[in-house]
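Read off the chains here:
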Amino acid sequence: MNKITNQFASIEQVTDRYLNRKSTETAAQENSVSFEDILRQKQTTAESQELRFSKHAQGRLNDRHINLSDEQNERLESGVLKASEKGIRESLVILDSLAFIVNVPSKTVVTAMDQSESESSIFTNIDGAVIV
């Protein structure tokens, strides 16, 4: 431990020198980021993220020779956005004669099926459905 010598005229000089209180407070104020700023940044990142297809979903689409048009893809993205606005985390999105299970927070299509499969299927582990 350092020995304090009589080179200081007041206790304030000692605290300024050894505790460095003023610079710590200033640094904390300069580096502080509000919760609102962080939330906006995360929301902007999430909104700008494109809809992705998992390897499984892509395989399902390829096996069934299902090709989504640009218009269908936009409607699917719109359905995922609507699910997100309602707070749905795992959604069934029905589009024309196709059904998609989507993980909404990651904007990832988990699986896809056509009408012939979806008629007799039971959809589990979803907390909402969107029909577009």
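Scroll up to find the structure.
Residues numbered from 1 in each chain as written. Predicted model: local features only at pLDDT ≥ 70, side-chain atom pairs only at ≥ 80, totals over all residues. Heavy atoms only, no water.

Novice: Explanation requested: the side chain of Thr111 in the structure shown.
Specialist: Within the secondary structure, Thr111 is located in strand S4 (residues 108–114). Here the side chain of Thr111 touches His56 through a polar contact of 3.2 Å, side chain to side chain. (Helix = DSSP H or I, 4+ residues; strand = E, 2+ residues; numbered from the N terminus. Polar contact = N/O pair within 3.5 Å; in protein donor to acceptor, adjacent residues only side chain to side chain.)

Novice: Just checking my understanding: could you explain a negative patch on the surface for this structure?
Specialist: On the surface, Glu50, Asp70, Glu74 and Glu77 cluster together into a patch of negative charge. Along the polypeptide, Glu77 turns up in helix H5 (residues 70–85). In this structure Glu77 comes out as partly exposed when scored by relative accessible area, which is 34%. (Patch = residues over 30% accessible without salt bridge, like charges linked within 9 Å, V, L, I, M, F, W, Y side chains within 5 Å. Areas by Shrake-Rupley, 256 points an atom, 1.4 Å probe, with all protein chains shown as cover. Salt bridge = Lys/Arg side-chain N within 4 Å of Asp/Glu carboxyl O. Lys, Arg positive; Asp, Glu negative; His and termini not counted. Charge placed at Lys NZ, Arg CZ, Asp CG, Glu CD. Buried < 20%, exposed > 50% of the residue type's maximum accessible area, 1.4 Å probe, protein only.)

Novice: For this particular structure, what's the right way to read the sheet that holds strand S2 (residues 90–95)?
Specialist: Remark on secondary structure: sheet strands pair via backbone hydrogen bonds, oriented parallel or antiparallel. Spatial ordering of the open sheet is given by S1-S4-S3-S2-S5, a layout of 5 strands whose pairing is mixed. Every other strand in the sheet has two partners, leaving strand S1 (52–53) and strand S5 (128–131) as the edge strands with one partner each. With 4 bridges connecting them, S2 and S5 associate as parallel partners. Looking across to S5, one finds that Val93 is bridged to Val130. Against the sheet, helix H4 (residues 55–63) contacts S1, strand S3 (98–103) and S4, and its axis sits at roughly 25° relative to S4. (Pairing = 2+ DSSP bridges. Contact = heavy atoms within 4.5 Å. Axes fitted to C-alpha atoms, helices over the stretch in contact; angles between N-to-C directions.)

Novice: Just checking my understanding: could you explain the environment of Thr108 for this structure?
Specialist: Among the secondary structure elements, Thr108 is positioned in strand S4. Taking the C-alpha atoms as reference points, Thr108 and Arg52, 56 residues apart in sequence, are found 4.7 Å from one another. Discounting residues that sit within four places of it in the chain, Thr108 has contacts with Leu51, Arg52, Ser54, Ile101, Val102 and Asn103. Polar side-chain contacts of Thr108 include one of 2.8 Å to the side chain of Arg52. At a separation of 3.0 Å, a polar atom in the side chain of Thr108 contacts the side chain of Ser106.

Novice: It is not clear to me how unusual backbone geometry should be interpreted in this structure. Could you clarify?
Specialist: Where the residue is not glycine, phi is negative for most of them; where a peptide bond is considered, it is trans in most cases. Unlike most non-glycine residues, Asp96 shows phi in positive territory, near 55°. If you trace the backbone, Asp96 turns up in the loop between S2 and S3. Given a relative accessible area of 46%, Asp96 falls into the partly exposed group.

Novice: How should the environment of Pro105 be read in this particular structure?
Specialist: When you line up the elements, Pro105 lands in the loop between S3 and S4. We classify Pro105 as partly exposed; its relative accessible area is 42%. Separated by 22 residues in sequence, Pro105 and Ala83 place their C-alpha atoms 9.6 Å apart. When sequence neighbours within four positions are dropped, the list of residues in contact with Pro105 reads Gln49 and Arg89.

The analysis is restricted to geometry; functional conclusions fall outside its scope.
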